[in-house]
Structures are given as C-alpha cells and as structure tokens.
Amino acid sequence: MKKAILLLGAALLSGTLALAQRPRPTADLPKWEGVADTPQMGWSSWNCFMTEINEDLIKATADAMVELGLVDAGYVYLNLDDGWHGERDASGFVLEDREKFPSGMKSLADYLHARGLKLGIYSDAGDFTCACYTGSRGHEYQDAITYAHWGVDYLKYDWCFTTNANAKGSYTLMRNALRKAGRPILFSICEWGVNKPWEWARDVGHSWRTTGDIGPAFAPVPVSYDEQGRRKWKPMSVLEIIDINEPLREYAGPGHWNDPDMLEVGNSATVDGIFYDMTDSEDRAHFTMWCMMAAPLILGNDLTKITPETLAIITNREMIAVDQDPLGIQGLRLKNEDGVQYWFKPLADGDWAFCVMNTREEDVTLTLDWSALEVNDALSKRRTDFAGTTYSVRDLWHPEAKPFTTRVKGRRKGQFNVAARTVTVPTHDVVAYRLTPVK
Ligand code: GLA
C-alpha cells in the first residue's frame, strides 16, 4: 500500500514537472533591438512604381544607390513594397512571383547584401495586401521564417483586409513571429495611425505610420466627389501630414519612430486624372521637415532618372545628420505666424537644428530676432539660451556661406548683445541652420 502511494506520488510529480517544462505557446517575445537606434533610411518601390516591380528594376535601383553615393549617405534599405507576392505552396509557405523575380528572393537578397544594402519586404496583417496580393493572416510564423530564410532585413506590415482583427494583437503576433524566426528584422507598422499605434507599439515595432498615404503635393489637395456623390480618395499633402505628425513627438525616440510616410522628393504622379508635382523648393522643404521630425527617410523616386537637384537634396549630409542625430528627439514647431513656421530640434552636444518654413504663396523677408525665439522644451529638458550664450549658426542648405553668430560684442567690455538677422524665405521653401554653442 505504502509503495503504491509512493509510486503514485512520483508519477504525479514527474507529470507536473513535464508540464512545467513544456513551452508556453502564448509567450510573447521581445522585438529585435538595435536595428533602428536612428530612423531607418532607404528606398521603397511604392511611391513611383506601385506594383510594377521586377528583378531588373530592383537590381538597377541597387546599382544606382551605390553609384549615386546613397548607400554611403546612409540609405541602406532597399524595400520591395506591394506586388512581389506569388501564391502559397501546398503547405502554406509563401512564394515570390517568379515571373517578376525569376532568380528568387534569396538570390536578390544576396545581390543586395554584396553591395552593402539590406532587403526590405512588404506584407499585410489581413487576408490580402492593399493591392490584393496574398496577406499574412493565419500564416504569420510561416511568413516570418520564410523572410528570415531569404535574408530579409525589414518588414513593412500593412493593414488592409483585416476585418475584425485587433491591431495591437495582429502586430504583436507578427513581432513574436519575427523574433522566433531568429533573424533581426526591422518591423515597420503601417496602419495609417487609425488605431493610435503610438500609444501601444513602442515595444511592438520600430516605426509606425501616423497618417494616410502621401502624394507628391505640398499643400492640401481639394476634395472631389464621384458621380454618386462619394468623396474620392486623395493623397495627403506634405503640410497636412506635418500637422498630424508634429503633436506626436513625445512618442518617438530611439528604436520607435513616428513615420509620416515615405519621401516624394523627385516624384510626380497622376491620380484620377489630376497631375501632382512638387518644385525643388517644395522638395527641399519636405525633406527638411522630415529630418526635423526624425522621420524614417525612405526615398520613393526613380533613381535611374534622377536630376542633379533631387540628388543634392537627398544627399545633404548635414541635413541627414539632423535626422540621424543620436539623441533621437523629434523636432517641435515653436510657432506658426501666418503660415511662416519656426521649428527647433534639440541635437546632441548642446546643438540645435532650426528652420523656418514658408507655406505662403509669396516669398517672405523676415528678421530672425533670437530673443523672440527662445525655446524651453519640457520633453527633452533642453532650452536655448540666446540671452546668455553665443551660438555659431551654419546654413545647412548653403554650406559655402560663412557661419554667423546669435550675439555680437557690445560697446562695454565683456558685454554681448543678441543679434538679429534678416533672411528671405522663398515661397514653399525653408531656411535651415545648425546652431552650435560657442565655448
Ligand atoms: C497602403 C500603404 C502604402 C502602400 C500600399 C501598397 O496604402 O499605406 O504605403 O504600401 O498600401 O498597396
């Protein structure tokens, strides 16, 4: 009897131990760390080519990214957006479209890696992608393992055809799958800000879209209606996006960025018979503002046909350094006076980026009165000190110009006066500076 009880006890104990050792199927895994300490930089196929993508185009783009010096400037991700998916195989594993990508995704990844680039790919948390290719819903772990096997480094994950799905749950599921697959992959959340991802995605993804889709339009596009009186889809303009993205600055930081969508520098588009285009001034303002907002810098133009003006904008190293500053603090709009916006971004080592954007329809000449531009930023706990400190000011769009200072020597010994500076900001353009305290 005693022996039987002992045996029963041992059996129960070993059963409990076996249970305790079994992996918990619902355990969450952390997102990959260290892949987006500064906002990601690269190129994506969507804004210019939509689903018309193929191996030749991607390889030509990769070659151009190297030859134009874009990789050296930091644009290392080459991202395939919608349109690369083929069918799933009999076991449910996703295949690439072999007509578009005859050598396959793994070979494309090798081609990019050999040139110092990284491969980005696109999928969707729903049954289909936004352009109606196969989605990842129900195949998250299979897709993550496939991407890791191909050598993918970046996943943009969209939100079309997700009826009844919970956004936080869906994105967390894919985060877990990416981690489990074992290859560090940057996870770019794209649900257009509809579920306020800034409130829950800090530990889920590395960036989240804050708005609907951008178009190559600087100022808001008028609303239009179809014959049934329904409002037609229209792209979002640079200025509308800035207004939505700016108040979200407290949510951004190293490893988790607000994403105001990909760049339209150098692009034009026809949507519903309407032609959209931006001037070089507007492109410069758009690029500057994305840098001031510590946004991911994902180019979207045809790199095989780039103009010298566009190239000069996207390779401005000092502007890129503002975006990539290690402090990782999104800039703030200090004031907006009749469409003239004053922006500051705290940078490492006591520096500040400062810019004035003119959204008006005419050029504006104004006096920069530093005493009226003092900033006290509770978020970064940083403040300017124009009264007590002299800053050396470098013009980021005219690096050849001689730097000037925010204070000049007064008449009396040791006395300094705050200086004023008159500048002209052309219509739909910016002036941008880096301020460095003079020691
Ligand atoms: C959505 C996204 C875009 C792009 C398209 C692809 O609209 O917001 O950035 O990825 O889908 O179909």
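For the structure, see preceding data.
Read on for a plain summary of the structure. (Residues numbered from 1 in each chain as written. Predicted model: local features only at pLDDT ≥ 70, side-chain atom pairs only at ≥ 80, totals over all residues. Heavy atoms only, no water.)

### Examining the packing of aromatic side chains
Turning to step 1, where the next piece is worked out: Scanning all chains against the criterion turns up 19 aromatic pairs.
Turning to step 2, where the next piece is worked out: Judged by centre distance (6.2 Å) and plane angle (15°), the rings of Phe354 and Tyr433 are stacked. Of this pair, Phe354 sits in strand β15 (residues 352-358) while Tyr433 sits in strand β24 (residues 429-437), and the two are 79 residues apart along the sequence.
Turning to step 3, where the next piece is worked out: You can call Phe354 buried: its relative accessible area is 0%.
Turning to step 4, where the next piece is worked out: Given the relative accessible area of 4%, Tyr433 is considered buried. (Phe/Tyr/Trp six-rings, centres within 6.5 Å; stacked < 30°, edge-to-face > 60°. Helix = DSSP H or I, 4+ residues; strand = E, 2+ residues; numbered from the N terminus. Buried < 20%, exposed > 50% of the residue type's maximum accessible area, 1.4 Å probe, protein only.)

### A few points about the site of the ligand
Turning to step 1, where the next piece is worked out: In the vicinity of the ligand, 13 residues are found, and the nearest of them are Asp81, Asp82, Lys156, Asp158 and Asp213.
Turning to step 2, where the next piece is worked out: Residue Trp192 places a side-chain N or O atom 2.9 Å away from an oxygen atom belonging to the ligand.
Turning to step 3, where the next piece is worked out: Taking Asp213, its side chain carries an N or O atom lying 2.5 Å from an oxygen atom of the ligand.
Turning to step 4, where the next piece is worked out: For the ligand, the accessible surface in isolation is 310 Å², of which the surrounding protein chains cover 94%.
Turning to step 5, where the next piece is worked out: Given that more than half its atoms are within 2 Å of the pocket grid, the ligand belongs to the largest pocket.
Turning to step 6, where the next piece is worked out: Taken together, the residues of the shell around the ligand break down into 7 nonpolar, no polar and 6 charged. (Near = heavy atom within 4 Å. Polar contact = N/O pair within 3.5 Å; in protein donor to acceptor, adjacent residues only side chain to side chain. Areas by Shrake-Rupley, 256 points an atom, 1.4 Å probe, with all protein chains shown as cover. 1 Å grid on protein atoms, 1.4 Å probe; cavity = no way out; pocket = protein on both sides within 12 Å on 5 of 7 lines; lining within 4 Å. Sits in = over half its atoms within 2 Å of the grid points. Nonpolar A, V, L, I, M, F, W, Y, C, P; charged D, E, K, R; others polar.)

### Thoughts on the layout of surface pockets
Turning to step 1, where the next piece is worked out: The space that makes up the largest pocket amounts to roughly 460 Å³.
Turning to step 2, where the next piece is worked out: It is strand β10 (residues 268-271) that contributes the most residues to the lining of the largest pocket, 4 residues altogether.
Turning to step 3, where the next piece is worked out: Of the residues that constitute the lining of the largest pocket, the class distribution is 14 nonpolar, 4 polar and 8 charged.
Turning to step 4, where the next piece is worked out: For the second largest pocket, the calculated volume is near 240 Å³.
Turning to step 5, where the next piece is worked out: Asp395, His398, Val423, Val431 and Tyr433 are, among the 20 residues lining the second largest pocket, the residues nearest its centre.
Turning to step 6, where the next piece is worked out: Those elements that place two or more of their residues in the lining of the second largest pocket are β19 (391-395), β23 (420-425) and β24.
Turning to step 7, where the next piece is worked out: Element by element, the count of residues in the lining of the second largest pocket is highest for β24, at 5 residues.
Turning to step 8, where the next piece is worked out: A class-by-class count of the residues in the lining of the second largest pocket yields 11 nonpolar, 3 polar and 6 charged. (Points joined across faces, edges and corners; volume = space filled by probe spheres on them.)

### Topic: the side chain of Asn176
Turning to step 1, where the next piece is worked out: Among the secondary structure elements, Asn176 is positioned in helix α7 (residues 167-181).
Turning to step 2, where the next piece is worked out: Look past the residues within four positions of Asn176 in its chain and what remains in contact with it is Ala27, Asp28, Leu29 and Tyr141. (Contact = heavy atoms within 4.5 Å.)

### Quick notes on the pairing of strand β13 (residues 332-337)
Turning to step 1, where the next piece is worked out: In this structure, β13 lies alongside strand β14 (residues 340-346), joined through 5 bridges in antiparallel fashion. Note that in β14 the partner of Arg333 across the bridge is Trp343.
Turning to step 2, where the next piece is worked out: Between β13 and β14, which pair antiparallel in sequence order, lie 2 residues; one of them, Asp338, sits at a positive phi of approximately 50°. (Pairing = 2+ DSSP bridges.)

### Observations regarding the sheet that holds strand β12 (residues 297-299)
Turning to step 1, where the next piece is worked out: Reading across from one edge, β9-β8-β7-β6-β5-β2-β1-β12 is the order of the 8 strands in this open sheet, with parallel pairing throughout. Both edges of this open sheet fall to β9 (257-259) and β12, since each of them pairs with a single strand only. Pairs of neighbouring strands in the sheet enclose a mean axial angle of 25°, with direction left out of account.
Turning to step 2, where the next piece is worked out: Note: strand β8 (residues 207-209) against β9, 3 bridges, orientation parallel. Of the residues in β9, the one forming a bridge with Trp208 is Asn258.
Turning to step 3, where the next piece is worked out: Its contacts with the sheet place helix α5 (residues 105-113) against β2 (77-79) and β5 (118-124), and it is angled at close to 140° to β5. (Axes fitted to C-alpha atoms, helices over the stretch in contact; angles between N-to-C directions.)

### Some remarks on the state of the cysteines
Turning to step 1, where the next piece is worked out: Under the definition given, this model contains 1 disulfide.
Turning to step 2, where the next piece is worked out: No disulfide involves Cys48; its sulfur sits 18 Å from the nearest other cysteine sulfur, which is in Cys190.
Turning to step 3, where the next piece is worked out: Free of any disulfide, Cys132 has its nearest cysteine sulfur in Cys160, 8.1 Å distant. (Disulfide = S-S within 2.5 Å.)

Keep in mind these numbers describe shape, not what the thing actually does.
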